[in-house]
Amino acid sequence: MPSGDHADESLRARSSTPSRQGWSNRRVLLLNASFEPLTTVPARRAIILVLRGRAEVLHPDASGMIIHAADGPIPVPSVIRLTTYVRVPYIARVPLTRTTLMQRDRNRCGYCGGRADTIDHVIPRSRGGAHAWENCVACCTRCNHRKADKLLSEIGWTLAAPLRAPAGRHWHLVSKIRAHDPVWSDYVPALASA
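Residues numbered from 1 in each chain as written. Predicted model: local features only at pLDDT ≥ 70, side-chain atom pairs only at ≥ 80, totals over all residues. Heavy atoms only, no water.

Our next topic: the overall build of the protein chain. Counting its secondary structure elements, the protein chain contains 7 helices and 8 strands. Taken over 194 residues, the protein chain has a buried fraction of 42%. For the protein chain, the proportion of contacts with a sequence separation of at least 24, taken over those separated by at least 6, is 61%. About 11,000 Å² of surface is accessible on the protein chain, with carbon and sulfur atoms providing 52% of the total. (Helix = DSSP H or I, 4+ residues; strand = E, 2+ residues; numbered from the N terminus. Buried < 20%, exposed > 50% of the residue type's maximum accessible area, 1.4 Å probe, protein only. Contact = heavy atoms within 4.5 Å. Areas by Shrake-Rupley, 256 points an atom, 1.4 Å probe, with all protein chains shown as cover.)

Written as structure tokens, this is what we have:
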């Protein structure tokens, strides 16, 4: 089996140009050795992990694409599993940042449901509102300007959903996935409802 940079060269040399263009944008679900979902990786990275013996293919991509490597054909994967367990540090509370807030709210305005491009404090900071998960919402510029430093009760608005800190072990993974292979929901149950 190719190892090190040889795996990269083997993959580069043996994959044909049309195939590489077809699979280069695909994402692959990466599982820990314990079958715990870790993240998604580009298909190229997934194949290199398989070629180096660091991962195994659990489910091939539904398209049936195959990459020809030095050791023979390898199906483009949809789900791979690491061969050795990787310890993932536990974070008790997710830090509140612009990125994590947008992920929680799926880039949708908490007031009108449109595309969000800023953050709003439901109870304005000028009125004592905290910078906390329970008081911040993703917001579009239009709603942010219309609301200004008013309370929701003063303008008759309501929130589309209650505000909470992200919950669940894999909330960040689910929030980043735009489209997924249906087989992924076997490993990330939250995707069945996403």
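Glancing now at the nonpolar core. Counting residues in hydrophobic clusters, the biggest one holds 17 residues, and the most contacted among them are Val28, Leu30, Ala55 and Ile80. Mapped onto this core, the elements with two or more residues apiece are strand 1 (27–31), strand 2 (37–42), helix 3 (43–51), strand 4 (66–69) and strand 6 (77–82). Residue contributions to this core peak at 6 residues, all from helix 3. Discounting chain neighbours no more than four positions away, the residues touching Leu30 are Glu36, Pro37, Leu38, Thr39, Val41, Leu49, Ile80 and Leu82. (Core = buried A, V, L, I, M, F, W, Y, C linked by side-chain atoms within 4.5 Å.)

Now for the environment of Pro166. Topologically, Pro166 is positioned in the loop between helix 6 (152–155) and helix 7 (171–176). Remark: the alpha-carbon pair of Pro166 and Trp133, spanning 33 residues in sequence, is separated by 8.3 Å.

Attention shifts here to the side chain of Ser78. Relative to the helices and strands, Ser78 resides in strand 6. The buried category is assigned to Ser78, whose relative accessible area is 2%.

Turning next to the pattern of salt bridges. Scanning the model with the defined rule gives 5 salt bridges in all. Of the charged contacts in the structure, one is a salt bridge between Asp120 and Lys147, with a shortest N-O distance of 3.3 Å. Of this pair, Asp120 sits in strand 7 (residues 118–121) while Lys147 sits in helix 5 (residues 141–147), and the two are 27 residues apart along the sequence. With its nearest N and O atoms 2.7 Å apart, the salt bridge here joins Glu154 to Arg127. Of this pair, Glu154 sits in helix 6 while Arg127 is found in the loop between strand 7 and strand 8 (136–139), placing the two residues 27 residues apart along the sequence. Among the residues examined, Glu154 registers a relative accessible area of 45% and is labelled partly exposed. (Salt bridge = Lys/Arg side-chain N within 4 Å of Asp/Glu carboxyl O.)

This next bit is on the confidence of the model for the protein chain. Here the protein chain shows a mean pLDDT of 82. Residues at 70 or above account for 79%. The model gives residues 8–20 a pLDDT under 50, and that stretch makes 22 contacts with residues more than four places away or in other chains. (pLDDT = per-residue confidence, 0-100.)

Within the secondary structure, Ala138 sits in strand 8. Put simply, Ala138 and Arg106 are 32 residues apart on the chain and 8.5 Å apart in space, counted from C-alpha to C-alpha. Once residues lying within four places of it in the same chain are set aside, the contact partners of Ala138 are Leu101, Met102, Asp105, Arg108, Cys109, Gly110, Ala116 and Thr118.

Moving on: the packing of aromatic side chains. The relative placement of two aromatic rings is captured by the distance of their centres and the angle of their planes. Enumeration over the complete set of coordinates arrives at 1 aromatic pair. Ring plane angle 50° and centroid distance 5.2 Å describe the contact between Tyr111 and Trp157, whose orientation is recorded as tilted. Within this pair, whereas Tyr111 is found in the loop between helix 4 (98–104) and strand 7, its partner Trp157 is found in the loop between helix 6 and helix 7, the two being separated by 46 residues in sequence. For the pair Tyr111 and Trp157, one class covers both residues: buried. (Phe/Tyr/Trp six-rings, centres within 6.5 Å; stacked < 30°, edge-to-face > 60°.)

Time to look at the sheet that holds strand 1. Across the sheet, which stays open at both edges, the 4 strands sit in the order 2-1-6-3 with mixed pairing between neighbours. Here the strands that pair on one side only, and so sit at the sheet edges, are strand 2 and strand 3 (55–60). The mean angle between the axes of side-by-side strands here comes to 30°, regardless of whether they run parallel or antiparallel. Inspection of the sheet shows strand 3 paired to strand 6 by 5 bridges, in the antiparallel sense. The residue of strand 6 that forms the bridge with Glu56 is Arg81. Sitting on the sheet, helix 3 touches strand 1, strand 2, strand 3 and strand 6, and the angle it makes with strand 2 is about 110°. (Pairing = 2+ DSSP bridges. Axes fitted to C-alpha atoms, helices over the stretch in contact; angles between N-to-C directions.)

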